[in-house]
Amino acid sequence: MMVLVLVGVLLLLLALEFPVAIAMTGASVAYLLLRGDIPLVVVAQRVTVGVDSFVLLAIPFFFLAGELMNRGGITQRLVDLAQALVGGVRGGLGHVTVVTNMIMAGMSGSAVADAAGTGAVLIPAMEQAGYPKTFSAALVGAASTIGPVIPPSIPFVIYGGITGVSVGRLFLGGVVPGVLMGVFLMGAVYMVAKRRGYRAEGWLTLSEALHSTWRAIPVMLFPVIILGGIFSGIVTPTEAAVVAVVYAVLLSTLFYRELSLDNLFSILAAVAGNTAKITFIIASAGLYGWLLAREGVPQQLTELFLSISREPWVILLMVNVLLLILGCLMETTALLVILTPVLMDLITRVGIDPVHFGVVLTLNLMIGLLTPPVGMTLYVMVSLTGISVTDFTRECGIFMVALVVVLGLITYVPKLVIFLPQLVMGK
Amino acid sequence: MRTPLDRAVHWALATTLGAMTTIVFVSVIFRYVLNRPLAWTEELASLLFAWITFVGAFVGFRSRSHIAIDTLMVFLPERARRATQRVVDAIVLCVLGLFVWQGTRLCLTTWGLEFPAMEISRGYLYLSLPVGATLMIIAIVEHWHDSRRAPAADAAPQAGRP
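Reading the values: the criteria
- Residues numbered from 1 in each chain as written.
- Chains lettered and ligands numbered in written order.
- Predicted model: local features only at pLDDT ≥ 70, side-chain atom pairs only at ≥ 80, totals over all residues.
- Heavy atoms only, no water.
- Core = buried A, V, L, I, M, F, W, Y, C linked by side-chain atoms within 4.5 Å.
- Buried < 20%, exposed > 50% of the residue type's maximum accessible area, 1.4 Å probe, protein only.
- Helix = DSSP H or I, 4+ residues; strand = E, 2+ residues; numbered from the N terminus.
- Contact = heavy atoms within 4.5 Å.
- pLDDT = per-residue confidence, 0-100.
- Axes fitted to C-alpha atoms, helices over the stretch in contact; angles between N-to-C directions.
- Parallel < 35°, antiparallel > 145°, perpendicular 65-115°, else oblique.
- Left-handed = near helix turned anticlockwise from the far one by under 90°.
- Nonpolar A, V, L, I, M, F, W, Y, C, P; charged D, E, K, R; others polar.
- Salt bridge = Lys/Arg side-chain N within 4 Å of Asp/Glu carboxyl O.
- Buried area = accessible area lost by both parts, 1.4 Å probe.
- Polar contact = N/O pair within 3.5 Å; in protein donor to acceptor, adjacent residues only side chain to side chain.

Draft legend 1. Structural detail: the nonpolar core. Residue and element names in this part refer to chain A. By size, the foremost hydrophobic cluster in this structure holds 207 residues, and its most contacted members are Phe222 and Phe392. In terms of residue count, the dominant contributor to this core is helix α13 (residues 261-294) (16 residues). In contact with Phe222, not counting residues within four places along its chain, are Met69, Ile74, Met107, Ala244, Tyr247, Ala248 and Leu251.

Quick look at the structure:
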């Protein structure tokens, strides 16, 4: 009965447009007041302890790395490189968009930062080349969802922080699915390009291509530093993120010379503010999740699922459909922090690998970034280009189909996810 | 409209994030290059992270850009939506007030406990919540004040950046 208060009040407050963090605390307080046997001081205690975690520190650092790349001229170098690699295929700049986002994904951990950064460079370029704005906006949005699946990744850090699953394993597990997303999106671009008669931009001359590649070499060291550092065991994911930040600062101040100290200061302040928007929710989820667990909600949900089926593939199907629906209605981080602890019980009971599930969950939630009414990437692209939500959604349809196909693939062929972590880090 | 408080928070956030970055980087250098791991760096960085979380939330409240879900409220007529917004704000203030009250209590009761490596009071961690919540309360009040003077500033909440 009391559990209805916890869930019902949360839904009510969310519907009334409460800040998500306050809605979670508010629901918890209502529950505590009605029960009356737990002292209210747990509110302050659980909320503070909710962010007292070294793993979560990777969030501002990966944010910062992405922001520095956008402002320090690094993103532009990536676009040049991608142009040299795939500009000559039919639908050239479309493929450039996908490849840029795949490389960017190896450095930044946030889909929304990727969308804003690559969109600012690529959409004007595509417009100049004659691509309709709706196409470029939809494609940049869809391609940016690769960001958190190819490591590093903020959602993996959050998932790992909540469940205790190794963030390194999750990072490795995301590699193959992320590449698949890129391949399928490029397939979709090719189909659209052929049907609408988009042409190729033509290959660059050899010297131009070499020049772009040469200029981008320092940038390509990012993934090497981050992933190499983590998998060789030299640094933790959090520390790797810091090393990436320091490298980005050096690169953009000393090498490309596009960042001043003044800029750096305002980037730091902006990133801290944007970090707080997410981590304040994680803090409140520390309280809310604890109460949900006390009420036995995870177990009850597990029983409900198990009463329908005990087959892992049916469970995964149900969870995926549920997440896709919730992903349309709710904000990604909020969903991740609320659902992860609730679903873990179910996942382990039916014997699904938690690394596999983490990657499936993340890819699923990334699709939610593109869907109205609540999709952060959708809104970034719409405000960046001025197209309507409806146009974006219509144009994004084929790309979303591509992403859902990849989701299906990695859901039902777990090897695609868990092969690499097991190969590198053992069983 | 930027108040001195806005500037102070802006400055504090940038400095804290900069310090956090430096601390973690230095700890990597000490452990991996100098082979002399520092015990206190993780504790201090996590402590600063809590402060960034709660003080940084001021920014979201100040500019009304915290993450909220407007899926249903957009269907309300503008006036009804504004009226609801006032009620919501009042309840938000109560929750924040609870943070200040219970956070201060927690801070006082834990003042005698210490972080194992840093050997400073754990109260510095718990202090971040009441201080941050106080700032958030000020942010809401300031926002009311601003929007009374210039109603156009009361824009719809914009997207956060996960």
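The discussion continues.
Draft legend 2. Structural view of the confidence of the model for chain A. Put simply, chain A has an average pLDDT of 86, and 100% of its residues get 70 or more. The lowest-confidence element of chain A is helix α18 (residues 376-385) of chain A, averaging 80 in pLDDT; the highest-confidence one is helix α17 (residues 354-368) of chain A, averaging 94.

Draft legend 3. Molecular detail of the packing of helix α6 (residues 92-105) of chain A against helix α8 (residues 133-144) of chain A. Residue and element names in this part refer to chain A. Viewed as axis vectors pointing N to C, α6 and α8 meet at an angle of 25°, and their least axial separation amounts to 9 Å. Taken together, the axis directions place α6 and α8 in an arrangement best described as roughly parallel. When the axes of α6 and α8 are compared, the crossing they make is right-handed. Between α6 and α8, the contacting residues are Gly94, Thr97, Val98 and Asn101 on the first element and Leu139, Val140, Ala143 and Ser144 on the second. Per-class residue counts for the contact of α6 with α8 are 4 nonpolar, 4 polar and no charged.

Draft legend 4. Region of interest: the pattern of salt bridges. All names here are of chain B. Within this structure, the stated rule accounts for 13 salt bridges over all chains. Notably, a salt bridge pairs Arg62 with Asp146, separated by 3.3 Å at the nearest N-O pair. Linking Arg62 in helix α2 (residues 41-62) with Asp146 in helix α5 (residues 128-149), this pair joins segments that are 84 residues apart in sequence. Like Asp146, Arg62 is buried. Here Arg64 ties to Asp89 by a salt bridge, and the two come within 2.7 Å at their closest N and O atoms. Of this pair, Arg64 sits in the loop between α2 and α3 (78-109) while Asp89 sits in helix α3, placing them 25 residues apart in sequence. Across this residue pair, the class does not change: Arg64 and Asp89 are buried. Several salt bridges share partner residues, and in doing so they unite Asp6, Arg62, Glu142 and Asp146 into one network.

Draft legend 5. Broad picture of the interface of chain B and chain A. Counting residues at the interface gives 62 residues for chain B and 66 residues for chain A. Across the chain B/chain A interface, buried area totals approximately 5700 Å², and carbon plus sulfur atoms make up 77% of it. Counting every contact that joins chain B to chain A gives 3 salt bridges. Between Arg81(B) and Glu17(A) there is a salt bridge; the shortest N-O distance is 3.1 Å. If you look at where chain B meets chain A, you find 5 residue pairs in polar contact (both at pLDDT 80 or more). Contributions of two or more residues to the side of chain B that touches chain A are made by α1 (4-33), α2, α3, α4 (123-126) and α5 of chain B. The element that contributes the greatest number of residues to the side of chain B that touches chain A is α1(B), accounting for 15 residues. When grouped by side-chain class, the residues that make up the side of chain B that touches chain A number 38 nonpolar, 18 polar and 6 charged.

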